[in-house]
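Examining the three-dimensional arrangement
Chain residues, written in single-letter form:
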Amino acid sequence: MFLRKLVSVIGREKGFHSTKALLEAAIIDGNNIAKQIEKEVRTSVESWIKSGKRRPKLVAIIVGDDPASKVYVSRKVKVAKAVGIDAETITFDKSISQKHLLKAIENLNKDTSVDGILVQLPIPKSINEREICEAVTPAKDVDGFHSENMGKLSVDNDSIVPATALGVIELIQRTKVDTFGKNAVVIGRSKHVGLPIALLLHSDSKGVSGALDMTTTICHRHTPPEELKKFTRLADVVVAAAGVPGLVKKDMVKPGACVIDVGITRVDTESGQKLLGDVDYESVKEIAGHITPVPGGVGPMTVVMLMKNTLKAARKNQS
Ligand code: ADP
């Protein structure tokens, strides 16, 4: 009671309209942080070119006509151009055979004008996703999905790290959240998202990946809801990557925790399509210390970290 009153007085002095506003989480502005990193990457690309090297080039492959994939890839191409990276999109019909797709990737692997290759997921079920990820040569694998890159990440060797995981860590670091020896929970164990995030949260900050030294728990679809809540309530950082809208509720979050929402689910509403995160944003922001919105949190970070990866690949390929 006394604390609320004190907070209310301080809040009025600081110009907050209500105690509630003062107590709410600080919003982590992914758009803004991504813009800052975009500038940093543009400067690095310019000095790379000034040193006499070829402009980095990224090639994105889309298979089929998934509208979300088209939106994501066009965003990637736009940001690539903004930072001075050449970008090209190759679109294949959904009926393409695995053999033909593998051949196209092989040609790009051999093409010395190409530094980065990504195959936008999901791809049609008729094609084996893992075999496609394995076909991209590790040095050009800017998504970091090849087992060589994933393996190197897990033993903390230099590798190309999946962009969403890099984006999540960058958001936490730039927000200056205290992480050393603290507790983290990752909700979701997918090989491309949840797993690399967990690897970066728990690894050694003195290691190659510059990780966060957190005590890290991975929860997944077989974690019973009551158990999930037990773990998240202990967490100083919660990263939600389950693709289940509104999964993380206020009563699951420790006061002051940093909540990063990786989930993006498209839903149709009367006023058009809407993007929903895994976090019940309106209620969780009343208890969290920091929170990312959806959209405008992790999404823009993923795109800009992909550009960082493309420059890294160019450095590997053109050395
Ligand atoms: P992404 O590629 O975004 O990580 P996936 O659909 O591949 O998405 O993976 C979703 C992950 O979320 C899986 O690891 C799954 O076990 C986890 N998951 C799904 N539902 C729940 C849930 N209710 N509670 C905890 N984890 C969940």
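For the structure, see preceding data.
All of the points below concern the structure found in this document. (Residues numbered from 1 in each chain as written. Predicted model: local features only at pLDDT ≥ 70, side-chain atom pairs only at ≥ 80, totals over all residues. Heavy atoms only, no water.)

Summed over the entire model, instances satisfying the criterion amount to 16 salt bridges. The salt bridge involving Glu 38 is made with Lys 35; its shortest N-O contact spans 3.5 Å. Separated by three residues within a single helix, Glu 38 and Lys 35 lie in helix H3 (residues 30-50), roughly one turn from each other. For Asp 158, the salt bridge is made with Lys 316, and the minimal N-O distance between the two is 3.8 Å. Linking Asp 158 in the loop between helix H7 (147-154) and helix H8 (163-174) with Lys 316 in helix H12 (residues 298-317), this pair joins segments that are 158 residues apart in sequence. (Salt bridge = Lys/Arg side-chain N within 4 Å of Asp/Glu carboxyl O. Helix = DSSP H or I, 4+ residues; strand = E, 2+ residues; numbered from the N terminus.)

What follows deals with the side chain of Glu 170. Examined against the element boundaries, Glu 170 turns out to sit in helix H8. In terms of polar contacts, Glu 170 uses its side chain to reach the side chain of Arg 174, at 2.8 Å. Discounting chain neighbours no more than four positions away, the residues touching Glu 170 are Ile 37, Met 301 and Met 305. (Polar contact = N/O pair within 3.5 Å; in protein donor to acceptor, adjacent residues only side chain to side chain. Contact = heavy atoms within 4.5 Å.)

We now examine the sheet that holds strand E3 (residues 86-92). Pairing between the strands of a sheet comes from backbone hydrogen bonds, and it takes one of two forms, parallel or antiparallel. Read from one edge of the open sheet, three strands run E3-E2-E4, paired in parallel fashion. Each edge of the open sheet is held by one strand with a lone partner, namely E3 and strand E4 (116-119). With strand direction ignored, the average angle separating the axes of adjacent strands in the sheet is 15°. Here seven bridges tie strand E2 (residues 57-63) to E3, and the two strands are oriented parallel to one another. Paired with Leu 58 across the two strands is Ala 87, which belongs to E3. (Pairing = 2+ DSSP bridges. Axes fitted to C-alpha atoms, helices over the stretch in contact; angles between N-to-C directions.)

Moving on to the nonpolar core. Here is a general trend for soluble globular proteins: nonpolar side chains tend to be buried in one another's company. If you look at the biggest cluster of nonpolar residues, it comprises 55 residues, and the most contacted ones within it are Leu 201, Ile 260 and Met 307. With 17 residues, the next largest nonpolar core counts Ala 240, Met 252, Val 259 and Val 284 among its residues. (Core = buried A, V, L, I, M, F, W, Y, C linked by side-chain atoms within 4.5 Å. Buried < 20%, exposed > 50% of the residue type's maximum accessible area, 1.4 Å probe, protein only.)

A separate point is the site of the ligand. Around the ligand, the surrounding shell consists of Ile 187, Gly 188, Arg 189, Ser 190, Val 193, His 220, Arg 221, Ala 241, Ala 242, Val 244 and Leu 247. Note that an oxygen atom of the ligand is positioned 2.5 Å from one of the side-chain N or O atoms of Ser 190. Separating an oxygen atom of the ligand from a backbone N or O atom of Arg 221 is a distance of 2.9 Å. For the ligand, the protein covers 69% of the area, taking 570 Å² as the surface of the free molecule. When the residues that make up the shell around the ligand are grouped by side-chain class, the tally is six nonpolar, three polar and two charged. (Near = heavy atom within 4 Å. Areas by Shrake-Rupley, 256 points an atom, 1.4 Å probe, with all protein chains shown as cover. Nonpolar A, V, L, I, M, F, W, Y, C, P; charged D, E, K, R; others polar.)

Looking now at the pairing of strand E9 (residues 265-269). Inspection of the sheet shows E9 paired to strand E10 (residues 272-276) by five bridges, in the antiparallel sense. Counterpart to Thr 269 in the pairing with E10 is Gly 272. Remark: two residues form the turn of the hairpin made by E9 and E10, two consecutive strands paired antiparallel.

Looking now at the side chain of Asp 261. Its location among the elements puts Asp 261 in strand E8 (residues 258-261). Salt bridges are absent for the buried Asp 261, whose nearest opposite-charge side chain, Lys 249, sits at 11 Å. There is a polar contact of 2.8 Å between the side chain of Asp 261 and the backbone nitrogen of Asp 278. Apart from residues lying up to four places away in sequence, Asp 261 is in contact with Ala 240, Gly 277, Asp 278, Val 279, Thr 292, Val 294 and Val 298. (Lys, Arg positive; Asp, Glu negative; His and termini not counted.)

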